Amino acid sequence: ARLDREPERPAHIGMPRMSRHRMVLFGATLAVFVAIVWAVVVTSWLVRLDWQVMFFRPYQQWPEIHAFVDYYVVLGQRGPTAVMVSAWLGWRSWRQHTLRPLLALGVSLLLLNITVGAAKYGMGRLGPHYATEIGSNEMWLGGDIFPSGHTANAVVTWGILAYLASTPRARRWLSALSAVTSLGVGLSTVYIGTHWLSDVILGWAAGLLILLALPWFEPTIARAEARILGLRDRWRARGARAATARPVVGRPVVL
């Protein structure tokens with residue numbers, strides 16, 4: 001990629017729209033989300049699978065990869081991933097003369113905090129390390145792990161790169177990369193025992209819902225960008241007027 005700046009905002013970069021295909025995916029993902037929550041609430045086979053995986057203790061079965069997983073799971077932490085992705089999107093914003101990449105990231109993280117945070121504290125599920133009764137769904141006990149925030153954050157922060165890709169080829173490659181990364185992050189939390197398997201599945205669904213819903217917020221992003229750039233232009237104009245109005249002090253002329 002060239003390191004120089006584009007002469008103006010590229011016209012070929014379109015904004016994703018809420019197409020019929022995307023609406024179908026959104027509806028299907030929402031149905032999966034609700035089904036997972038219901039399966040855990042009624043203590044179905046999914047909860048039994050959670051306990052089986054927990055008693056299997058993957059970190060004891062494959063201890064040789066524990067050090068690698070401890071580092072890999074950082075790819076799902078909110079702070080480090082936000083810094084890395086915002087640095088890349090900030091460079092793209094500068095190069096393409098647009099604030100949309102950074103604003104889209106900000107909107108997606110805001111939606112993530114609101115929706116996933118509300119679900120976590122609303123359902124109050126305890127994690128495997130704090131489970132109180134074997135076979136229980138551990139719901140409404142003051143926990144905050146359902147859905148998995150690490151997993152949902154990995155889906156959103158790495159998936160936003162694919163969402164903002166400027167070419168179909170880049171979008172396909174980045175979609176595959178973000179899917180593999182978020183899949184690995186979710187399984188890593190199961191490996192180290194901080195999440196139930198159902199937490200991770202719900203985290204994948206929660207993150208995907210946010211990415212699929214982003215086109216609904218594109219008009220808001222466009223208005224915010226126009227307002228910010230308008231303020232910048234007014235400040236620049238005000239500074240230019242102040243510079244031209246400033247009196248020029250010269251040397252006195254002796255007659």
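Data block above holds the structure.
This one's a predicted model, so the numbers in the text were calculated from it and none came from an experiment.

Criteria and cut-off values
Residues numbered from 1 in each chain as written. Predicted model: local features only at pLDDT ≥ 70, side-chain atom pairs only at ≥ 80, totals over all residues. Heavy atoms only, no water. Patch = residues over 30% accessible without salt bridge, like charges linked within 9 Å, V, L, I, M, F, W, Y side chains within 5 Å. Areas by Shrake-Rupley, 256 points an atom, 1.4 Å probe, with all protein chains shown as cover. Salt bridge = Lys/Arg side-chain N within 4 Å of Asp/Glu carboxyl O. Helix = DSSP H or I, 4+ residues; strand = E, 2+ residues; numbered from the N terminus. Axes fitted to C-alpha atoms, helices over the stretch in contact; angles between N-to-C directions. Parallel < 35°, antiparallel > 145°, perpendicular 65-115°, else oblique. Contact = heavy atoms within 4.5 Å. Nonpolar A, V, L, I, M, F, W, Y, C, P; charged D, E, K, R; others polar. Buried < 20%, exposed > 50% of the residue type's maximum accessible area, 1.4 Å probe, protein only. Core = buried A, V, L, I, M, F, W, Y, C linked by side-chain atoms within 4.5 Å. Polar contact = N/O pair within 3.5 Å; in protein donor to acceptor, adjacent residues only side chain to side chain. Expected span 1.5 Å × (residues − 1). Arc of directions from axis to C-beta. Phe/Tyr/Trp six-rings, centres within 6.5 Å; stacked < 30°, edge-to-face > 60°. Lys NZ or Arg CZ within 6 Å of the ring centre and 35° of its normal.

**Side note on a nonpolar patch on the surface**
- Taken together, F56, W62 and I65 make up a surface patch of nonpolar side chains, about 280 Å² in accessible area.
- By the secondary structure assignment, W62 is in the loop between helix 3 (58-61) and helix 4 (66-72).

**Digging into the packing of helix 5 (residues 78-96) against helix 7 (residues 149-163)**
- Orientation of helix 5 relative to helix 7, taken along the N-to-C sense of each, is 5°, at an axis distance of 10 Å. Taken together, the axis directions place helix 5 and helix 7 in an arrangement best described as roughly parallel. Two secondary-structure elements touch here, helix 5 through R78, T81, M84, V85, W88 and L89 and helix 7 through G149, N153, T157, W158, I160 and L161.
- A per-class count over the contact of helix 5 with helix 7 returns seven nonpolar, four polar and one charged.

**Things to note about the environment of V37**
- You can see V37 is positioned in helix 1 (residues 20-41).
- The class of V37 is buried, set by a relative accessible area of 17%.
- Each C-alpha atom, one on V37 and one on F68, is 31 Å from the other, the two residues being 31 residues apart in sequence.
- Those residues in contact with V37, other than ones at most four positions away along the chain, are M123, F146 and L202.

**Quick word on the packing of helix 7 against helix 8 (residues 168-192)**
- Relative orientation of the contacting elements helix 7 and helix 8 amounts to 170°, with a least axis distance of 8 Å. It follows from the interaxial angle that helix 7 and helix 8 lie roughly antiparallel. Facing helix 7, whose interface residues are H150, T151, A154, V155, W158, G159, L161, A162 and Y163, helix 8 presents R171, L174, S175, S178, T181, S182, V185, G186 and T189.
- In terms of residue class, the contact of helix 7 with helix 8 is made up of eight nonpolar, nine polar and one charged.

**Notes on the nonpolar core**
- By size, the foremost hydrophobic cluster in this structure holds 46 residues, and its most contacted members are F146 and I160.
- Counting residues per element, the ones that place at least two in this core are helix 1, helix 2 (45-56), helix 5, helix 6 (100-123), helix 7 and helix 9 (197-213).

**Looking at the environment of L197**
- Counting through the fold element by element, L197 comes out in helix 9.
- Accessibility expressed as a relative area gives 18% for L197, which makes it buried.
- Setting aside residues no more than four positions away along its own chain, L197 makes contact with L49, D50, V53 and V190.

**Thoughts on the side chain of S188**
- When you line up the elements, S188 lands in helix 8.
- A polar atom in the side chain of S188 sits 2.7 Å from the backbone oxygen of G184.
- In this structure, S188 is in contact with V69, Y72 and V73, ignoring residues within four places of it in sequence.

**A short note on helix 5**
- For helix 5, built from 19 residues, the straight-helix expectation of 27 Å at 1.5 Å per residue is met to within 8% by its first-to-last C-alpha distance of 26 Å.
- Taken together, the buried positions of helix 5 are occupied by T81, A82, V85, L89, R92, S93, R95 and Q96. Along helix 5, the residues classed as buried sweep out an arc of 165° about the axis, all on the same side. Turned more than 90 degrees away from the buried face of helix 5 sit V83 and A87, all of them exposed.
- Backbone geometry just downstream of helix 5 places H97 in the positive-phi region, at approximately 60°.

**Digging into the packing of aromatic side chains**
- Tallied over the full model, the rule gives six aromatic pairs.
- With 5.2 Å between their ring centres and 75° between their planes, F26 and W216 make a pair best called edge-to-face. Note that F26 is positioned in helix 1 and W216 in the loop between helix 9 and helix 10 (218-245), a separation of 190 residues in sequence.
- Through a chain of ring-to-ring contacts, three or more aromatic side chains come together here, namely W51, F55 and W196.
- Lying across the ring of F146, R125 places its NZ or CZ 5.1 Å from the centre.

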